Amino acid sequence: MINYMDDNIPKKQIAILGSTGSIGTQALEVIDKNDSLFEVYALTANNQVDLLIEQARKFRPEMVAIGNEAHYLQLKEALADLPIKVFAGDESIAQVAEMQPIDIVLTAMVGYAGLQPTISAVKAGKKIALANKETLVVAGELISDLAASSHSSILPVDSEHSAIFQCLAGEGNNPIEKLILTASGGPFRTKSLEELKHVSSAQALKHPNWEMGAKITIDSASLMNKGFEVIEAKWLFGVSAEQIEVVVHPQSIIHSMVQFADSSIKAQMGMPDMKLPIQYAFTYPDRIKTDFQRFDFTQCSQFTFEQPDVKRFRNLSYAYDAMEKGGNMPCILNAANEIVVAAFLKDKIGFLQMSDIIETVMAKAEFIAKPTLEDYVATDLVTRKLTKEQVDKLGLRN
Ligand code: MN
């Protein structure tokens, strides 16, 4: 066992891409509580410059980068009295991710924007604490191949995948029969199709169990998040679509399970708190003590389970379709989803119309069986445009 009080163990150098978001801020809490183990080497954000400045002043990283170049001067001036290097622009974020002293890169940015920086970090052989699931949805094959050739390891931060990863610890090559991903079912689990027509973005933003950013909260309400997680699981654990099952577990205490070839099922449980999977990715294969809330079996009278309803939540079946089709189809799915979620958040389209548009776009977009990185970039661009056209068409009718 490692003695963590030993001052001779060098602190792990951590880069947080997307430090001002929900995962980024919770990761900084974990680092703050364990400052004898971890040090912040770099912080990056896209737009929230004030919070980035505050974080940089507190954690004193070697460097910070802001995606939106309009904020560069403000950032530079606010940190002028500190020896912190300041960069701006999307490319600088990808460059920060490959800096030599970094041990772990936490990819916590939202959506497709995570792709390029994750590729840089993987190529540089970093350990990736992966919170940006869209990267694996869009280009899972490419990332997996790159990780294998550069000896980079990808540690899941998504709670379901962290649960599976924890269940697999110590199992070597024991054959997996299936992965069972749990889903809370989101805020609309019990709503009828008729009711779902009229739900608002404000209602969707009230998740019953997890505190998360806006985009992933809408994805959770529509089950697209679970669909993405199925694709993410396929790439992380090398299983086929038939080996991944989704079960709705509204209490969100079992975070996911693995069923082995001998019929035994292992589950990972605990209170829903993203700090645990973040910390586990940072300390793996070790565990360290926390003051996180403990689950009390005597306070919970039942665990319940039900099948996800893909008639009301079609996005889940579209994700399985995209995964089976392969090629650039998951990239199309992701780009279409990013646009419809943004439109729903602005109340331009209804909740069910998100799925209508995704279905149309998946049928219309050009399919590429063996996409290169350039193909993914082009697919993303073209699909966004196509999806916006569909949003405008429907928006006019509303
Ligand atoms: Mn998750």
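Residues numbered from 1 in each chain as written. Predicted model: local features only at pLDDT ≥ 70, side-chain atom pairs only at ≥ 80, totals over all residues. Heavy atoms only, no water.

Novice: Explain the overall build of the protein chain here, please?
Specialist: Within the protein chain one finds 16 helices and 11 strands. With respect to the three principal axes, the spread of C-alpha positions in the protein chain is 60 × 50 × 40 Å. Taken over 398 residues, the protein chain has a buried fraction of 55%. In the protein chain, the share of contacts with a sequence separation of at least 24, taken over all contacts with a separation of at least 6, comes to 69%. Summed over all atoms, the accessible surface of the protein chain reaches about 18,200 Å², with 51% contributed by carbon and sulfur. Across the protein chain, the mean location of the 38 positive side-chain charges is 3 Å away from that of the 50 negative side-chain charges. (Helix = DSSP H or I, 4+ residues; strand = E, 2+ residues; numbered from the N terminus. Buried < 20%, exposed > 50% of the residue type's maximum accessible area, 1.4 Å probe, protein only. Contact = heavy atoms within 4.5 Å. Areas by Shrake-Rupley, 256 points an atom, 1.4 Å probe, with all protein chains shown as cover. Lys, Arg positive; Asp, Glu negative; His and termini not counted. Charge placed at Lys NZ, Arg CZ, Asp CG, Glu CD.)

Novice: Honestly, the environment of Ser 201 in this entry has me stumped. Any pointers?
Specialist: Within the element layout of this structure, Ser 201 appears in helix α9 (residues 201-204). Sequence separation between Ser 201 and Thr 217 is 16 residues, and the spatial gap between their C-alpha atoms is 9.9 Å. What Ser 201 contacts, discounting residues up to four positions off in sequence, is Ile 218, Phe 344, Leu 345 and Asp 347. Of note is the side chain of Ser 201, whose polar atom sits 3.1 Å from the side chain of Asp 347. (Polar contact = N/O pair within 3.5 Å; in protein donor to acceptor, adjacent residues only side chain to side chain.)

Novice: Is there a simple way to explain the domain arrangement of the protein chain in this structure?
Specialist: How big an interface is tends to be reported as the loss of accessible area on association of its parts. Partitioning the protein chain into domains gives domain 1 (12-156), domain 2 (174-272 + 295-325) and domain 3 (326-398). Computed over C-alpha atoms only, the centres of domain 2 and domain 3 are separated by 22 Å. Taking both sides of the interface into account, the surface hidden between domain 2 and domain 3 amounts to around 2,000 Å²; carbon and sulfur atoms contribute 71%. Considering only the side of domain 2, the residues that lose the most area to domain 3 are Arg 314, Tyr 318 and Lys 325, jointly responsible for 29% of the buried surface there. Counting the contacts that link domain 2 with domain 3 gives 2 salt bridges. Close ionic contact of Arg 314 with Glu 359 constitutes a salt bridge, the shortest N to O distance being 3.7 Å. Among the elements of the structure, α8 (193-197), α9, α10 (214-222), α11 (224-237) and α13 (315-325) are those that each provide at least two residues to the side of domain 2 that touches domain 3. (Domains from an automatic or database assignment. Buried area = accessible area lost by both parts, 1.4 Å probe. Salt bridge = Lys/Arg side-chain N within 4 Å of Asp/Glu carboxyl O.)

Novice: Sorry, what's going on with helix α12 (residues 275-283) here?
Specialist: An α-helical turn contains 3.6 residues, so any two residues separated by three or four positions project in the same direction. Most of α12 is tucked away, with 8 of its 9 residues classed as buried. For α12, the full list of buried residues reads Lys 275, Pro 277, Ile 278, Gln 279, Tyr 280, Ala 281, Phe 282 and Thr 283.

Novice: Would you explain the sheet that holds strand β8 (residues 176-183) in this entry?
Specialist: Two orientations exist for strands paired in a sheet by backbone hydrogen bonds: parallel and antiparallel. Pairing is mixed in the open sheet, where 4 strands are placed in the order β9-β8-β10-β11. If you trace the sheet from one side to the other, it starts and ends with β9 (244-248) and β11 (265-269), each paired once. Going across the sheet, the axis of each strand differs from the next one's by a mean of 20 degrees, ignoring polarity. Here β8 runs beside strand β10 (residues 254-260); their pairing, made up of 4 bridges, is antiparallel. Looking at the pairing, Ile 176 lines up with Phe 260 of β10. The sheet strands contacting α11 are β8 and β9, and the helix crosses β8 at an angle near 150 degrees. (Pairing = 2+ DSSP bridges. Axes fitted to C-alpha atoms, helices over the stretch in contact; angles between N-to-C directions.)

Novice: How should the coordination of the manganese ion be read in this particular structure?
Specialist: Put simply, a metal with four donors set out as a tetrahedron has ideal angles of 109.5 degrees, and one with six donors set out as an octahedron has ideal angles of 90 or 180 degrees. Around the manganese ion, the protein supplies Asp 158 (OD), Glu 160 (OE) and Glu 229 (OE) as donor atoms, at distances of 2.0 to 2.2 Å. When the donors of the manganese ion are listed by position in the chain, the intervening gaps give D-x1-E-x68-E. (Donors = N, O, S within 2.8 Å, 3.2 Å for Na, K, Ca; no water.)

Novice: What should I look at first to understand the sheet that holds strand β6 (residues 127-130) in this one?
Specialist: Sheet architecture is open: 7 strands sit in the order β4-β3-β2-β1-β5-β6-β7, paired in parallel fashion. Since the sheet does not close on itself, it has two edges, and those belong to β4 (85-88) and β7 (154-156), each with one partner. Going from strand to strand, the sheet's axes swing by 20 degrees on average, the running direction of each strand aside. Alignment of strand β5 (residues 104-107) against β6, held across 4 bridges, turns out to be parallel. Residue pairing in the sheet places Leu 106 in a bridge with Ala 129 of β6.

Novice: Would you mind showing me how to read helix α7 (residues 159-168) here?
Specialist: Taking burial as the measure, the 10 residues of α7 include 10 buried ones, the bulk of the element. Where α7 is concerned, the buried positions are Ser 159, Glu 160, His 161, Ser 162, Ala 163, Ile 164, Phe 165, Gln 166, Cys 167 and Leu 168. As for α7, its buried residues are in contact with β7, β8, α11, β10, β11 and α12. Positive phi shows up at Gly 170, right after α7, with a value of about 85 degrees.

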